[in-house]
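Each chain, written out:
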Amino acid sequence: MGRARKSKTSKRDKYASFGDMADEAEEDADLPKDEAGRRKIKRQYGELLGIRIEKLRGRILNRERINKTIEGIYFICASCMKVCHSLDDGFTEDPANQNNLCGPCAKAQAAATNAAAAAKESGASSSRRSTRPRKRAAAS
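In short, a report on the structure. (Residues numbered from 1 in each chain as written. Predicted model: local features only at pLDDT ≥ 70, side-chain atom pairs only at ≥ 80, totals over all residues. Heavy atoms only, no water.)

What to know about the pattern of salt bridges
Here's step 1: As enumerated under the stated definition, the model contains six salt bridges in all.
Here's step 2: Between K42 and D88 there is a salt bridge, with its nearest N and O atoms 3.6 Å apart. Taken together, the residues span a long stretch of sequence, with K42 in helix α3 (residues 33-49) and D88 in helix α5 (residues 86-89) at a distance of 46 residues.
Here's step 3: Residue classification places K42 among the buried positions, given a relative accessible area of 14%.
Here's step 4: The partner of E71 in a salt bridge is R63, with the nearest N and O atoms 3.4 Å apart.
Here's step 5: The class of E71 is partly exposed, set by a relative accessible area of 33%.
Here's step 6: Of the residues examined, R63 reaches a relative accessible area of 39% and is grouped as partly exposed.
Here's step 7: Taken together, the shared-partner salt bridges connect D34, R38, K42, D88 and D89 into one network. (Salt bridge = Lys/Arg side-chain N within 4 Å of Asp/Glu carboxyl O. Helix = DSSP H or I, 4+ residues; strand = E, 2+ residues; numbered from the N terminus. Buried < 20%, exposed > 50% of the residue type's maximum accessible area, 1.4 Å probe, protein only.)

Written as structure tokens, this is what we have:
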């Protein structure tokens, strides 16, 4: 009996990820080197964490010292559940480290809060007027 031949597709599948990395590198070619590096790290965090992103949402993943005065923070936004970096996406820190938000989500949340407060205030002031009894002028 002869040996069964291996198909060549298994070798191609083994190295298929190198082609994907080349495509990602071409996408980031127009960005500055540091920003392209942060995008790559964010993608790697997303792939590494997978379904655990939902469990870790709102938490800080890593802090890095960019220079003596600037600190970069990788975190998962509690609202949109994306891996974000403080320099690229903004950062609204929660003291309990459970509800950290990226810049766009923090702005959206603040706008929604302000709109709800304005609606509540306008609804409360109009309801006060309608429930008050009016005094009649005394005829003399």
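Focus on the environment of D34
Here's step 1: Within the element layout of this structure, D34 appears in helix α3.
Here's step 2: For the pair D34 and I66, spaced 32 residues apart in sequence, the C-alpha separation works out to 10.0 Å.

Here we look at the packing of aromatic side chains
Here's step 1: On inspection of all chains with the given rule, the structure shows two aromatic pairs.
Here's step 2: Where Y45 meets Y74, the ring centres are 5.6 Å apart and the plane angle is 50°; that geometry is what we call tilted. On the criterion of sequence distance, the pair formed by Y45 in helix α3 and Y74 in strand β2 (residues 71-76) is long-range, its members being 29 residues apart. Residue Y45 shares its accessibility class with Y74, and that shared class is buried. (Phe/Tyr/Trp six-rings, centres within 6.5 Å; stacked < 30°, edge-to-face > 60°.)

Remarks on the sheet that holds strand β1 (residues 60-65)
Backbone-to-backbone hydrogen bonds pair the strands of a sheet. The strands run either parallel or antiparallel.
Here's step 1: On the basis of which strands lie adjacent, the open sheet formed by three strands has the order β1-β2-β3 and antiparallel pairing. A strand with exactly one partner marks an edge of an open sheet, and here the two such strands are β1 and β3 (83-85). Averaged over all pairs of adjacent strands, the angle between strand axes in this sheet comes to 15°, irrespective of strand direction.
Here's step 2: As defined by bridge partners, β2 adjoins β3 across three bridges and the pair is classed as antiparallel. Bridge assignment links F75 to a residue of β3, and that residue is C84. (Pairing = 2+ DSSP bridges. Axes fitted to C-alpha atoms, helices over the stretch in contact; angles between N-to-C directions.)

A few points about the state of the cysteines
Here's step 1: Counted by the stated rule, this structure contains zero disulfides.
Here's step 2: This cysteine, C77, is not joined by any disulfide, and C102 carries the nearest cysteine sulfur, 3.6 Å off.
Here's step 3: There is no disulfide at C105, and the cysteine sulfur nearest it, in C102, is 3.5 Å away.
Here's step 4: Look at C105 and you get buried, because its relative accessible area is 14%. (Disulfide = S-S within 2.5 Å.)

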